[in-house]
Amino acid sequence: GESFLAETIKLWEDKLERNNIKLAYLPSPGIVKLRLSVVGLDQLILEKKLDNAIDELKALIPDQIYGYGNVTMEGIVGNLLKGRELTVATAESCTGGSVAKMLTSISGSSSYFNGSIVSYTNQSKVDLLNVNTSDIEKFGAVSQEVVEQMAVNIRVKFNSDYGISTSGIAGPSGGTKEKPVGTVWIAVASKNRIVSKKLKLGYNRERNIHVSSLSVLNLLRLELLKN
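Residues numbered from 1 in each chain as written. Predicted model: local features only at pLDDT ≥ 70, side-chain atom pairs only at ≥ 80, totals over all residues. Heavy atoms only, no water.

Engineer: Teacher, can you tell me more about the sheet that holds strand S3 (residues 88-92) here?
Structural biologist: By definition, the strands of a sheet pair up through backbone hydrogen bonds, in either a parallel or an antiparallel sense. The strand order S4-S3-S5-S6-S7 describes an open sheet built from 5 strands, whose pairing is mixed. Since the sheet does not close on itself, it has two edges, and those belong to strand S4 (113-118) and strand S7 (194-200), each with one partner. Strand after strand, the sheet turns through a mean of 15° between neighbouring axes, direction not considered. Sheet analysis places S3 next to S4, joined by 5 bridges and oriented parallel. Pairing of Ala89 across the sheet is with Gly115, part of S4. (Pairing = 2+ DSSP bridges. Helix = DSSP H or I, 4+ residues; strand = E, 2+ residues; numbered from the N terminus. Axes fitted to C-alpha atoms, helices over the stretch in contact; angles between N-to-C directions.)

Next up, the structure:
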């Protein structure tokens, strides 16, 4: 979020002002772009100032920076998969195929995207993804236990290197006191490791779907970089 980011990089931003570098925050759902600009007569000196500032920022928030310019999250993830000759499959509930759509919007994505299952109901999670019925009854479909099974089983089903999954309450209805609207679980599974994360979003359905899709792709990006 913009407020979290601003607090994290406050000292860095103060230093920019002393060097006459202007910073603009350009937020959109799930993403904050930072635009740095500087004015002067010597292009080489100006470029060096900007490069130094960016290097300092990379040291502050290395995991949060995914790209530069007009690159997209799906483009970055696609390049990482393609460069490593790895594949992915998606199991989606609350995102309804949005993650698969983002991945396949990239030309050449057939080299790393194996397929997707949109298991929107509890029964489809059981029938198509072999999620344990008792776990759905005990923990609910929107849970760490269920989303991790979805990621593991979609990876196996499509013989992929990675499986990624989403399960949540996109809204605006369907929430409870324990799991309000905007509660989403995402997961990434490889052969040797499973990581999952709980998101607490808002009440806007379209925004929740978009941010959840971005978030699970970013979780995959981080796993690819670690490995």
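Engineer: What exactly am I supposed to notice about the environment of Tyr203 here?
Structural biologist: Looking at where Tyr203 falls in the secondary structure, it is placed in the loop between S7 and helix H9 (205-226). Each C-alpha atom, one on Tyr203 and one on Thr183, is 9.7 Å from the other, the two residues being 20 residues apart in sequence. Leave out the neighbours within four places in its chain, and Tyr203 touches Pro172, Val181 and Asn208. (Contact = heavy atoms within 4.5 Å.)

Engineer: Just to check I follow, could you spell out unusual backbone geometry for this structure?
Structural biologist: For residues other than glycine, phi is negative in most cases, and the peptide bonds are mostly trans. With omega at 5°, the peptide bond leading from Gly171 into Pro172 counts as cis. Examined against the element boundaries, Pro172 turns out to sit in the loop between strand S5 (162-168) and strand S6 (183-189). Although it is not a glycine, Asn20 sits at a positive phi angle of roughly 60°. Along the polypeptide, Asn20 turns up in the loop between helix H2 (10-18) and strand S1 (22-28). Owing to a relative accessible area of 59%, Asn20 belongs among the exposed residues under this scheme. With phi around 60°, Asn130 is a residue other than glycine that occupies positive phi space. Looking at where Asn130 falls in the secondary structure, it is placed in the loop between helix H6 (122-129) and helix H7 (133-139). (Buried < 20%, exposed > 50% of the residue type's maximum accessible area, 1.4 Å probe, protein only.)

Engineer: Just checking my understanding: could you explain the packing of helix H4 (residues 73-84) against H9 for this structure?
Structural biologist: Each pair of packed helices gets described by two things: the angle between the helix axes and the distance between those axes. It is at 10 Å that the axes of H4 and H9 come closest, and there the two elements cross at 35°. You can see that H4 and H9 cross each other, and the crossing is left-handed. Packed against H4, whose contacting residues are Met73, Glu74, Ile76, Val77, Leu80, Leu81 and Arg84, the element H9 presents Leu214, Leu217, Asn218, Leu220, Arg221, Leu224 and Leu225 at the interface. Residue classes in the contact of H4 with H9 are distributed as 10 nonpolar, 1 polar and 3 charged. (Left-handed = near helix turned anticlockwise from the far one by under 90°. Nonpolar A, V, L, I, M, F, W, Y, C, P; charged D, E, K, R; others polar.)

That is the geometry; function is a separate question.
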